[in-house]
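Report on the structure
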Number of protein chains: 2
Amino acid sequence: MIEKKKLTLKDIAKELGISVSTASRALKEHPDIAKETIKAVKEYAEAHHYVPNFLAVNFRKSRTFNIGLIVPELVHHFFSTVISGAIDEAKKYGYNVLVSQSNDLLKDEKVACRTMLSSSVDGLLISISNETLEGEHLQDFLSEGKPVVQFDKITDHLNTPKVTVDDFEGAYNAVNHLIKQGYKKIAHIRGRKNVKNANERYEGYLKALKDHHVEITENWVKSCSAISENEGYDFAKEMMESANPPDSFFCITDLVALGVIRYLKEAKYEIPYQIGVMGFSNWKLAEVVSPGLSSVDQHGYDMGIKAMKLLIELIQNQDCENEETIELKTKLVIRDSSLKKDFIK
Amino acid sequence: MIEKKKLTLKDIAKELGISVSTASRALKEHPDIAKETIKAVKEYAEAHHYVPNFLAVNFRKSRTFNIGLIVPELVHHFFSTVISGAIDEAKKYGYNVLVSQSNDLLKDEKVACRTMLSSSVDGLLISISNETLEGEHLQDFLSEGKPVVQFDKITDHLNTPKVTVDDFEGAYNAVNHLIKQGYKKIAHIRGRKNVKNANERYEGYLKALKDHHVEITENWVKSCSAISENEGYDFAKEMMESANPPDSFFCITDLVALGVIRYLKEAKYEIPYQIGVMGFSNWKLAEVVSPGLSSVDQHGYDMGIKAMKLLIELIQNQDCENEETIELKTKLVIRDSSLKKDFIK
DNA sequence: CTGTTAGCGCTTTCAG
DNA sequence: CTGAAAGCGCTAACAG
């Protein structure tokens, strides 16, 4: 292998008979330096393909232009959308993004944080795992002067800016729509009780029922732990086989809704005529499943952009004690699975 | 903000009355160092939460423990699966992964390469864009002594190891299955002519037709440029409305197959009875669409693991001139969309 | 077994 | 306008 020795500032300086510091300044067009010197240095550098050694520069300035990004799961439509937005935004400012996943495990999240701190990112974007409560491991970033921005799945125990979606309102609107469509026994398959946005969605669900004086029953609320398709299937089966089955399902996520639909189809229920189904997150699959699944769009790409932008601002202002919070609005996307009224017509 | 001054080796050395180099060596349990010295240093370091400055270490050793990973698209079931595998594997060896996307644009791919080279990754994993032909920009990595491993979408113009799936065989088996199911007029919606795996799949398709003496018509082969759902829809419409319509579609990708299915449903064709459909890649959506879409699984997670492992080996052996190639076998996943025979029974 | 020394490539005072 | 010199934190050859 041909190991080309890289050209350094020293080489340029020697060649042009100037000092290293002059060469360094010339490259940045420092106002102190004579126009001709600048020109000479730049031309030489150009001609010989000088590339600064960023390892040295970063070491000197103790920053890396790398940003860490941790999500619970990578193979996940919503999160990959957020990542995509975050990366595109980072690119604009010359930052690279280090991506990692926690698999919703606190253990893995800690490991990811540690290797990221080691390899010295300038800041962290994180959507925490289901198991994360306090987030002391995130505190380490702050104590090292590296800002953290939380998004989507967040904890309030940590004093950082947050970018979320208005889960409460999203859920409220979704359930509201079900009520307007004529459903009267609305079940909710929710997420874990220790996860903030699961609670927000649950509250939105409750509020909508209360506002419209619709029946509320504990038996119609079930908690997922894994948020899986199978849980949707199982809970749907359990509830539909009970003495007082619901006539519609509002699900914490499209995947769960998919399980519900699978059960309902197997059991020969007609969707949306007999039973309505509503998801959350508006994944690709909501479009392609049959019947089309109504859902709540979370604007993942936008969230990625906003969160990254916020983080980069913090990094550039050396600001770690910011509490700014951005809450994006959701958008209700109506498809066939919840259109009882229109179906009847 | 409390800017805690970080503890350095120098501090430890001064405090313990030894030299910096001794401290450094003690921390690594160098055999030359006395047991007691090692113990003393380690204890002090532990007690005062010494964390090496990796920026300095990396600068010194000119390596970063970061690996670059570029894919055409991030929000893409197959690629996110590969990324997931690659990241999980990298973690095992203490490497971080810098992720970027090219949007299938040569321009973006070059930019991604440049910022990655700057921020000094130790190596690169890449699936090239549709527009990439020669890949001179990738050559830059090699000349800097940084290994490159290509995966899935590759170019043979570059002398690097490659990890791919046996596209030819995958396509052959898929078409073979269609023939066995009794389809006789098999259309193929293919990818761009300059993209290697699109060509491989096309060749597999042709070979299967030839081996079984099945009709071959140019009119039944159409080339996508964007590989979009709409192209699937449009080509299906075009072919089905032609004088001699096919009785089945083998599509370059599940997304395209989805477009075909959408058209067929709209036009009231019965799948798979009248028309069979076969995708490629086995995305999540293949399971959930109705009817279930038969497809060819590419083992993305495995590909990510294998490619990353290979790359890390090259990095650790300082080896840039390796031509090793791994070709994974595909797996045919049969669902309803292609089961004409079973449907008839 | 341990310390001295030099140096990685670059930035940045401080002097001229 | 430019140069000399110090130093970022760590490693490693060399010399005891």
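Residues numbered from 1 in each chain as written. Chains lettered and ligands numbered in written order. Predicted model: local features only at pLDDT ≥ 70, side-chain atom pairs only at ≥ 80, totals over all residues. Heavy atoms only, no water.

Some words on the overall build of chain A
In terms of helices and strands, chain A carries 14 helices and 12 strands. Taking 2.2 N^0.38 as the reference for a compact globule, 345 residues should give roughly 20 Å; the C-alpha atoms of chain A span a radius of gyration of 26 Å, well beyond that estimate. Principal-axis analysis of the C-alpha atoms gives chain A an extent of 90 × 40 × 40 Å. Residue burial in chain A is summarised as follows: out of 345 residues, 55% are buried. The contacts in chain A between residues at least 6 apart in sequence include a share of 73% that link residues at least 24 apart. (Helix = DSSP H or I, 4+ residues; strand = E, 2+ residues; numbered from the N terminus. Rg over C-alpha atoms; globule rule 2.2 N^0.38 Å. Buried < 20%, exposed > 50% of the residue type's maximum accessible area, 1.4 Å probe, protein only. Contact = heavy atoms within 4.5 Å.)

Considering the domain arrangement of chain A
Partitioning chain A into domains gives domain 1 (9–52), domain 2 (66–164 + 300–329) and domain 3 (167–298 + 332–338). Each of domain 1 of chain A and domain 3 of chain A was reduced to a C-alpha centroid, and the two centroids are 65 Å apart. (Domains from an automatic or database assignment.)

Remarks on the interface of chain B and chain A
Contact residues are listed per partner, giving 47 residues for chain B and 48 residues for chain A. Where chain B meets chain A, there are 0 salt bridges. At the junction of chain B with chain A, the criterion picks out 9 residue pairs in polar contact (both at pLDDT 80 or more). Secondary-structure elements contributing two or more residues to the side of chain B that touches chain A are α4 (54–61), α5 (77–92), β2 (96–101), α6 (106–118), α11 (254–266) and α12 (284–288) of chain B. The element contributing the most residues to the side of chain B that touches chain A is α5(B), with 8 residues. Tallied by class, residues from the side of chain B that touches chain A come to 20 nonpolar, 19 polar and 8 charged. (Salt bridge = Lys/Arg side-chain N within 4 Å of Asp/Glu carboxyl O. Polar contact = N/O pair within 3.5 Å; in protein donor to acceptor, adjacent residues only side chain to side chain. Nonpolar A, V, L, I, M, F, W, Y, C, P; charged D, E, K, R; others polar.)

So, the protein's contact with DNA strand C
Around DNA strand C, the surrounding shell holds 26 residues, and the nearest of these are A:L9, A:Y50, A:R60, B:S21 and B:T22. Taken together, the sugar and phosphate atoms account for 58% of what DNA strand C places within 4 Å of the protein. One of the side-chain N or O atoms of A:K28 is found 3.2 Å from a phosphate oxygen in DNA strand C. Counting only elements with at least two residues in the surface near DNA strand C, the list comes to α2 (20–27) and α4 (54–61) of chain A together with α2 (20–27) and α4 of chain B. (Near = heavy atom within 4 Å.)

Regarding the protein's contact with DNA strand D
In the neighbourhood of DNA strand D, 27 residues make up the surrounding shell, with A:T22, A:A34, B:L9, B:Y50 and B:R60 lying closest. At 3.2 Å from a base nitrogen of DNA strand D is found a side-chain nitrogen or oxygen belonging to A:S21. Within the contact set of DNA strand D, a phosphate oxygen lies 3.2 Å away from a backbone nitrogen or oxygen of B:N53. For the surface near DNA strand D, the secondary structure elements donating two or more residues are α2 and α4 of chain A together with α1 (9–16), α2 and α4 of chain B.

Brief notes about the sheet that holds strand β7 (residues 221–223) of chain A
All names here are of chain A. Spatial strand order, β7-β6-β8-β9: 4 strands in an open sheet with parallel pairing. At either end of the open sheet lies a strand with only one pairing partner, and these are β7 and β9 (276–278). Strand-to-strand twist of the sheet, defined as the mean angle between neighbouring strand axes without regard to direction, takes the value 15 degrees. The pairing of strand β8 (residues 248–251) with β9 spans 3 bridges and is parallel. (Pairing = 2+ DSSP bridges. Axes fitted to C-alpha atoms, helices over the stretch in contact; angles between N-to-C directions.)

Points about the relation of the copies chain B and chain A
After a rotation of 180 degrees and a shift along the axis of 0.0 Å, chain B superposes on chain A with an RMSD of 0.1 Å. In short, the pair behaves as if placed about a two-fold rotation axis. With an isologous cut-off of 70% or more, the 100% of interface residues of chain B that recur at the interface of chain A puts this contact in the isologous class. (Least-squares fit on C-alpha atoms with pLDDT ≥ 70 in both.)

Some words on the pairing of strand β8 (residues 248–251) of chain B
Residue and element names in this part refer to chain B. Judged by which residues are buried, β8 turns out to be covered on both faces: S248 and F250 on one side and F249 and C251 on the other are all buried. As judged from the 4 bridges shared by strand β6 (residues 186–190) and β8, these two strands associate in the parallel manner. Bridge assignment links H188 to a residue of β8, and that residue is F250.

Details of helix α1 (residues 9–16) of chain A
Residue and element names in this part refer to chain A. When we look at burial in α1, the residues that qualify are L9, I12 and A13. The arc that holds the buried residues of α1, viewed along the axis, is 100 degrees, so those residues lie on one side. Away from its buried face by more than 90 degrees, α1 exposes K10, K14 and E15. Contact partners of the buried residues in α1: α2 and α3 (35–47). After α1 finishes, the residue G17 shows a positive phi value of roughly 65 degrees. (Arc of directions from axis to C-beta.)

Brief notes about unusual backbone geometry
Residues and elements named next belong to chain A. Note the cis peptide between I271 and P272, where omega equals 5 degrees. Tracing the chain through its elements places P272 in the loop between α11 (254–266) and β9. The phi dihedral of H213 falls on the positive side, at around 50 degrees, and the residue is not glycine. Its place among the elements puts H213 in the loop between α9 (196–211) and β7.

Looking at the packing of α1(B) against helix α3 (residues 35–47) of chain B
The description of two helices packed together rests on the angle between their axes and the distance between the axes. Residue and element names in this part refer to chain B. For the pair α1 and α3, the least separation of the axes is 11 Å and the interaxial angle reads 120 degrees. Our classification of the angle between α1 and α3 gives oblique. Regarding α1 and α3, the two cross each other, and that crossing is right-handed. In this structure, α1 uses I12, E15 and L16 to contact α3, whose residues at the interface are A40, V41, Y44 and A45. Taken together, the residues that form the contact of α1 with α3 break down as 6 nonpolar, no polar and 1 charged. (Parallel < 35°, antiparallel > 145°, perpendicular 65-115°, else oblique. Left-handed = near helix turned anticlockwise from the far one by under 90°.)

Notes on the nonpolar core
By size, the foremost hydrophobic cluster in this structure holds 119 residues, and its most contacted members are A:F151, A:F249, B:F151 and B:F249. Ignoring sequence-local partners within four residues, the contact set of B:F249 consists of B:A187, B:I189, B:A236, B:M239, B:M240, B:V260, B:L264, B:I275, B:G276, B:V277 and B:M278. Judged by nonpolar contacts, the second largest core, of 30 residues, contains A:C113, A:L124, A:I126 and B:C113. (Core = buried A, V, L, I, M, F, W, Y, C linked by side-chain atoms within 4.5 Å.)

Thoughts on α3(A)
All names here are of chain A. For α3, which comprises 13 residues, the first-to-last C-alpha distance of 18 Å matches the rise-based estimate of 18 Å (1.5 Å per residue) to within 8%. Close packing links the buried residues of α3 with α1 and α2. Where α3 terminates, the next one or two residues include H49, which has phi positive at roughly 55 degrees. (Expected span 1.5 Å × (residues − 1).)

Focus on the sheet that holds β6(B)
Residue and element names in this part refer to chain B. Ordered by their spatial adjacency, 4 strands build an open sheet running β7-β6-β8-β9, and the pairing between neighbours is parallel. The open sheet has two edge strands, β7 (221–223) and β9 (276–278), and neither has a second partner. If you compare each strand with its neighbour and ignore which way they point, the axes differ by 15 degrees on average. Across the sheet, helix α8 (residues 167–180) is in contact with β6, β8 and β9; its angle to β8 comes to roughly 170 degrees. Strand contacts of helix α10 (residues 229–240): β6, β7 and β8, with the helix running at about 150 degrees to β6, the strand carrying the most contacts.

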